[in-house]
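Structure assessment
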Amino acid sequence: MTAMKTPGYILTFRCVNCGRLEACTHYACERAVSDDQIRARIYEANCEGCGWKGVVCGVSAIQIHPTPDLKLKPQG
Ligand SMILES: [Zn+2]
């Protein structure tokens, strides 16, 4: 059992499909980075509301929320 904590940021976007603020993605990083750096990136987001998946640009993030533990889901 590995209980590694992954610090980073949770980004919330407005879903382009259903319009809800439930399209989320994350940016894992071990040290603090500025909002500008986070917003300069492209992400793949996943909407919790309707299941939409797609590419979003960091500049359109509604909210950037730092977290000490991203609780990443295991792959596969
Ligand atoms: Zn949606």
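Here, every reference points to the structure presented above.
It should be emphasised that the depicted structure is a prediction, and the values quoted were computed from it without experimental measurement.

Concerning the environment of S34
Inspection of the secondary structure puts S34 in the loop between β2 (23-28) and α1 (35-39). Residue classification places S34 among the exposed residues on the basis of 8 C-beta atoms within 10 Å. For the pair S34 and P68, spaced 34 residues apart in sequence, the C-alpha to C-alpha distance is 16 Å.

Some words on the environment of D35
Considering the arrangement of structural elements, one finds D35 in helix α1. In this structure D35 comes out as exposed when scored by C-beta crowding, with 12 C-beta atoms within 10 Å. Placed 28 residues apart in sequence, D35 and Q63 show a C-alpha to C-alpha distance of 10 Å.

Describing unusual backbone geometry
With phi around 50 degrees, K71 is a residue other than glycine that occupies positive phi space. Assignment of secondary structure puts K71 in the segment after β5 (63-67). Among the residues examined, K71 registers 9 C-beta atoms within 10 Å and is labelled exposed.

With respect to the sheet that holds β5
Taken in spatial order, the five strands make up an open sheet running β4-β3-β2-β1-β5, and their pairing is antiparallel. Only two strands of the sheet have a single neighbouring strand rather than two, namely β4 (53-57) and β5. Adjacent strand axes in the sheet meet at a mean angle of 30 degrees when their direction is disregarded. Sheet topology note: the strand β3 (residues 42-47)/β4 ladder contains five bridges and is antiparallel. Its bridge partner being in β4, A45 is matched across the sheet by G54.

Examining the pairing of β3
Regular strands have side chains that alternate between both faces of the sheet. Covered by surrounding structure in β3 are Y43, A45 and C47 only, the residues I42, E44 and N46 on the alternate face being uncovered. Relative to β3, β2 is paired through two bridges, and the arrangement is antiparallel. Looking at β3, one finds that A23 is bridged to C47. Counting the residues between successive antiparallel strands, the hairpin from β3 to β4 contains five residues, one of them, G51, with a positive phi of roughly 90 degrees.

What counts and how
Residues numbered from 1 in each chain as written. Predicted model: local features only at pLDDT ≥ 70, side-chain atom pairs only at ≥ 80, totals over all residues. Helix = DSSP H or I, 4+ residues; strand = E, 2+ residues; numbered from the N terminus. Buried ≥ 20, exposed ≤ 12 C-beta atoms within 10 Å, placed from the backbone. Pairing = 2+ DSSP bridges. Axes fitted to C-alpha atoms, helices over the stretch in contact; angles between N-to-C directions.

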